[in-house]
Structures are given as C-alpha cells and as structure tokens.
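Each chain, written out:
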Amino acid sequence: MQQLSLQEELDQLGNTMDYFWTLFSGIIVLFMQLGFAFLEGGCVRFKNMQSIMLKVYLNTCIAILAWWICGYGIAFGGDKAFLGEDQYTGSNMDGTKHLSIFILQASVGAAANSIVSGGAAERMSIPGYGIVSIFFSAFIYPVCVHWTWGGGWLQELGYRDLAGCGTIHLMAAIGALVITVVLGERKDRFKLNYNPSNTVYICLATLSLYFCWIFFNAGSVMAIQGERVFEVSRATTNTIISGASGGLTVIAIYWFQNRAEKQKFSLVMMCNGNLAGLVAITGSADVVELWASFVIGILGGFAYIGVAKLLHALKVDDPVDAVPIHGGCGLLGASMPGWFDPERGILYGHGGLQWGYQLLGTVVFIGWSLVLHGIIVAILYSIGLMRVDDKTEEMGLDNAYCGGPAYESECYQAKEEVQQYQIPYQTNITDNRRIGASRGDDAMQDLVNGQ
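Residues numbered from 1 in each chain as written. Predicted model: local features only at pLDDT ≥ 70, side-chain atom pairs only at ≥ 80, totals over all residues. Heavy atoms only, no water.

Colleague: So what's going on with the overall build of the protein chain? Which residues, and what values?
Modeller: Assigned secondary structure in the protein chain consists of 18 helices and 0 strands. Its C-alpha atoms give the protein chain a radius of gyration of 22 Å, within 12% of the compact-globule value 22 Å for 451 residues. Judged by the C-alpha coordinates and their principal axes, the protein chain covers about 80 × 45 × 35 Å. Counting across all 451 residues of the protein chain, residues that qualify as buried make up 57%. In the protein chain, the share of contacts with a sequence separation of at least 24, taken over all contacts with a separation of at least 6, comes to 78%. Split by element, the accessible area of the protein chain, about 18300 Å² in all, is 65% carbon and sulfur. Here the protein chain contributes 25 positive and 37 negative side-chain charges, whose respective centroids are spaced 10 Å apart. (Helix = DSSP H or I, 4+ residues; strand = E, 2+ residues; numbered from the N terminus. Rg over C-alpha atoms; globule rule 2.2 N^0.38 Å. Buried < 20%, exposed > 50% of the residue type's maximum accessible area, 1.4 Å probe, protein only. Contact = heavy atoms within 4.5 Å. Areas by Shrake-Rupley, 256 points an atom, 1.4 Å probe, with all protein chains shown as cover. Lys, Arg positive; Asp, Glu negative; His and termini not counted. Charge placed at Lys NZ, Arg CZ, Asp CG, Glu CD.)

Colleague: An account of the packing of aromatic side chains is needed here, citing residue identities and associated values.
Modeller: Evaluated as defined, the whole model comprises 17 aromatic pairs. For the cation-ring pair, Arg189 lies above Phe190, with the distance from its terminal atom to the ring centre recorded as 5.0 Å. In this arrangement the basic side chain of Arg259 is found over the ring face of Phe256, its NZ or CZ atom lying 4.1 Å from the centre. (Phe/Tyr/Trp six-rings, centres within 6.5 Å; stacked < 30°, edge-to-face > 60°. Lys NZ or Arg CZ within 6 Å of the ring centre and 35° of its normal.)

Colleague: Describe the state of the cysteines, with residues and values.
Modeller: Enumeration over the complete set of coordinates arrives at 0 disulfides. Of the cysteine sulfurs around Cys43, a residue in no disulfide, the closest is that of Cys271, at 9.1 Å. Of all cysteine sulfurs in the structure, the one in Cys271 sits closest to Cys203, which takes part in no disulfide; the separation is 4.7 Å. Residue class for Cys203 comes out partly exposed when judged on its relative accessible area of 21%. (Disulfide = S-S within 2.5 Å.)

Colleague: Lay out the pattern of salt bridges in plain terms, naming residues and giving numbers.
Modeller: Evaluation of the coordinates by the stated rule reveals 10 salt bridges. Close ionic contact of Asp286 with Arg160 constitutes a salt bridge, the shortest N to O distance being 3.7 Å. Remark: Arg160 occurs in the loop between helix H6 (153-157) and helix H7 (165-183) and Asp286 occurs in the loop between helix H10 (267-281) and helix H11 (290-313); sequence separation between them is 126 residues. Between Glu394 and Lys187 there is a salt bridge; the shortest N-O distance is 3.5 Å. You can see Glu394 sitting in helix H15 (residues 390-395) and its partner Lys187 sitting in the loop between H7 and helix H8 (199-218), a full 207 residues away along the chain. (Salt bridge = Lys/Arg side-chain N within 4 Å of Asp/Glu carboxyl O.)

Colleague: Outline the nonpolar core, listing residues and values.
Modeller: Counting residues in hydrophobic clusters, the biggest one holds 102 residues, and the most contacted among them are Trp67, Met124, Tyr141, Ile179 and Tyr304. If we skip the residues at most four places from it in the chain, Ile179 touches Val116, Gly119, Ala120, Met124, Val132, Val377 and Met386. (Core = buried A, V, L, I, M, F, W, Y, C linked by side-chain atoms within 4.5 Å.)

Colleague: I'd like to hear about a nonpolar patch on the surface, residue by residue, with values.
Modeller: On the surface, Phe20, Leu23, Phe24, Ile27, Phe31, Leu34 and Phe38 cluster together to form a nonpolar patch covering roughly 630 Å² of accessible area. Contributing elements (two or more residues each) for the nonpolar patch: helix H1 (6-30) and helix H2 (32-43). The leading source of residues in the nonpolar patch is H1, at 4 residues. The residue Phe24 is located in helix H1 in this model. (Patch = residues over 30% accessible without salt bridge, like charges linked within 9 Å, V, L, I, M, F, W, Y side chains within 5 Å.)

Colleague: Please give an account of the confidence of the model for the protein chain that cites residues and values.
Modeller: Looking at the protein chain as a whole, its pLDDT mean stands at 89, while 90% of the residues score no less than 70. Low confidence marks residues 417-451, where pLDDT is under 50. Its contacts with residues over four positions away, or in another chain, come to 91 contacts. (pLDDT = per-residue confidence, 0-100.)

Colleague: Lay out helix H5 (residues 126-149) in plain terms, naming residues and giving numbers.
Modeller: Look at H5: 32 Å from first C-alpha to last across 24 residues, which is about the 34 Å you get at 1.5 Å a residue. When the local axis directions of H5 are compared, the greatest deviation, roughly 50°, occurs at Phe136. Of all 24 residues in H5, 18 are buried, a share of seventy percent or more. Backbone nitrogen of Gly128 and a side-chain oxygen of the N-cap are separated by 3.1 Å at the start of H5; the cap is Ser125. Remark: Gly151 follows H5 within two positions and exhibits a positive phi of approximately 90°. (Expected span 1.5 Å × (residues − 1). Bend = angle between axes of the 7 residues up to and from the residue. Polar contact = N/O pair within 3.5 Å; in protein donor to acceptor, adjacent residues only side chain to side chain.)

Printed below as a string of structure tokens:
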C-alpha cells in the first residue's frame, strides 16, 4: 500500500471534512419537511390538516426516489449546457463526493416540492397533486438545478444563486401560483373569515425552519476546509440576521397599521416575516456583508406584504401564502447579488452586468415553471384530477380521503362550525388574514371559549 505524503493526507482530511459537512447539512435540511408539514397544517382549516400534511409527506418520498432515479443525473451528471448524462439511478457514485451531495440535494428538492403543495391546499385531489409532484421532482426542478449549479449554461454565463432564491423559491412559487389560479378560490373564501387552524403549529414550524435554514444556506457552500469556512460562517450569520430583520419589519408594519385596534400584533405575521427574510437572503448569504443582510431582510418583509396584498386584490386564493413568501421574496432575493455582492454589485461600483445576469435567470425560471406547470395542470384538469367536487371540499379532504380528522377536539369542531355563519369578509387592514395571518374573530373566540 502506497504511503501518502503529509500534503496528500491533509488534502484527504480536508475532502473528508467537506463531504461530512455536506452530508450533515443534507440530513438537517430534511428536517425542513417537518416544519413545512406543521406550517401548512396550521395554516389550513382543521378539516384539511391531515391531507395537507400527507401531501408534504408525499413530496418527501417522491422527491427522494425521483432524485435517485433521474433527478440527480439530470442536475449533476456532467457539465453539459442543458442536461447531465451520468449518475442516473445512483450509477458511478460509490467512493465519490456525489453520495454526500445527493443527500443534500434530495433534501433540498423535497423542500422545493413542498412550496408547490401550498397552492394546492384544501381543494386539490391527492392523486392529482401526486402526479404534479412526480413531474416537478423528476424533471422541472432538476433541469433548473443543472442550469444553476451543475455546470449548465446559466452558471457558465455568470448567474449566482447560493441556495436557490430563483432556482428554487421563485420557480416553485410560480408552480404554486399556476395551481392555485387554475383551482380557483376555496368556497366563499372572500366572504368568510378563513382563519388558520393552529397558530401554535405555525410558530413552532417557523422556528424549526429558521434553524434548518442555516444548514440550507451554509450547507450549500458544500465545503468547509481552508478559507471556505469563512463562507460558511458568513452564510450562517447573514441567514439569521436577515430572518430576524424580516420578522421585525413585518410585525412593525402590522403594529403600525393596527395600533388603534384591539389586536395590535399577530404571531403569524411575525412568522411570515421571518420566512420572508430567510427567502430573500438565500441567493447571496455567502457573499454579502452583514449590513446588507439586514437590509435584504427588511426588503423581503416589504416584498412579502406587497405581493400578498396584490394577490388579495386580484382574489387569488393562496392558502399558505406560498407565492408572496417564496415568489415575491425569491424574485427580490435573486437580484440581490447584482446589487450587494462586493465583487460584482452595483453598490460597489461594478456596474449592472451581474444584475443583468440575475434578471435573465429570473425570467428563465419564471418562464420554465409557468410553461411546464401549465402543461401538466391543463392535462390534469382535462381528465378531472385537479379540483375535488363541492361535496368533498365542504366535508374536508380529511373526511373524504383520510378517514376522518387529524385528531378529535371539541375546540376545533367549534371552530369549523363557526365557518358556517355568514360573517362578512372585512376589507380593512385589521382583517390580517388577507395577508396570511389569523384575525382571531371575536365570534369565533366566544364560541370556542363557551361564552
């Protein structure tokens, strides 16, 4: 056995550290599915809680198998311009870095898939959504990954996106938008108060996503030896700063708009603002300065509120605010390297070339997702696999598909019953459910509390 030199041993140790960091990050990122399950389960009405969690679990299993069969090969199987040609069904992975990268990317792919599921909440058939999930995981998303990180044409051109502001969040949010527009609004969505079923679930889910997002961003560096450790530490620090500034921005705006009302604060709005800041920094966390991440989080909070209000004005029913959070903030964040990157950004005197690359990438991902999801949804609509019938929607997908509600609770049954009252939908800003939060209607609280 040939004895390695000291330098070779050090290089081998460094590679081992890189592979372990990537592998460990992938394992933590998989826990994001727990956060998405409880986040979406808490956002929908109680009678649909189990079914939306089932869709998230379907996402997880489908994404992992799809990435093993063909997704990873498309994304990382060689540096061709449009598609990879190796590593299909795990071939030629043993003894290489690809096994650790697979764990990270399959976990990230599952998270991307869960963004799309938000637009399907409470009214899309489970078999139909499963088909969308398969096509998303096996082709739509892997192609975008190859263009950005797998040696594809956007990467060669100069497009930068650390962990996927445009490649993941924006692209997946467009898919959610296509689905929710084709499905149409839930019955009486803009006449009744559709409050989240469990704000505690939403809070705990957001905190868990906050933690996992560190590994989502910093793990995407996929190296930790030498000076790369500074990129990891910068990505970690920027991630938590931007998430914090996004949360504080949204809760401050909410308080200002409701300072004269009984409900001056909203737990759900705080959570949504936190997620907005996290999405906005995802594309540039490894390169921007700390002050920039603070600013980006603030901009993400404004982007979230602006897009959410626009969708409400257009009467687009997005049950979990997937489009405002991931689409609006993903669009914003994808352009941030063109402004705040010290080596390429406009604010550092480097001109607008990098910003142009970023804008091109966003246009490409919007167009790709819009066309591909449009084709799939049109096919499903034509064969009756999109929206459930009115009776199924009225009784809830849990009762129709899952044998009953997630768990028995007189409190939650009372909340469901109050939805039968014709409570006029308030159009003023105090009804914060219009931008994703829980209003806590007095009639509902009285009923639940037995008053």
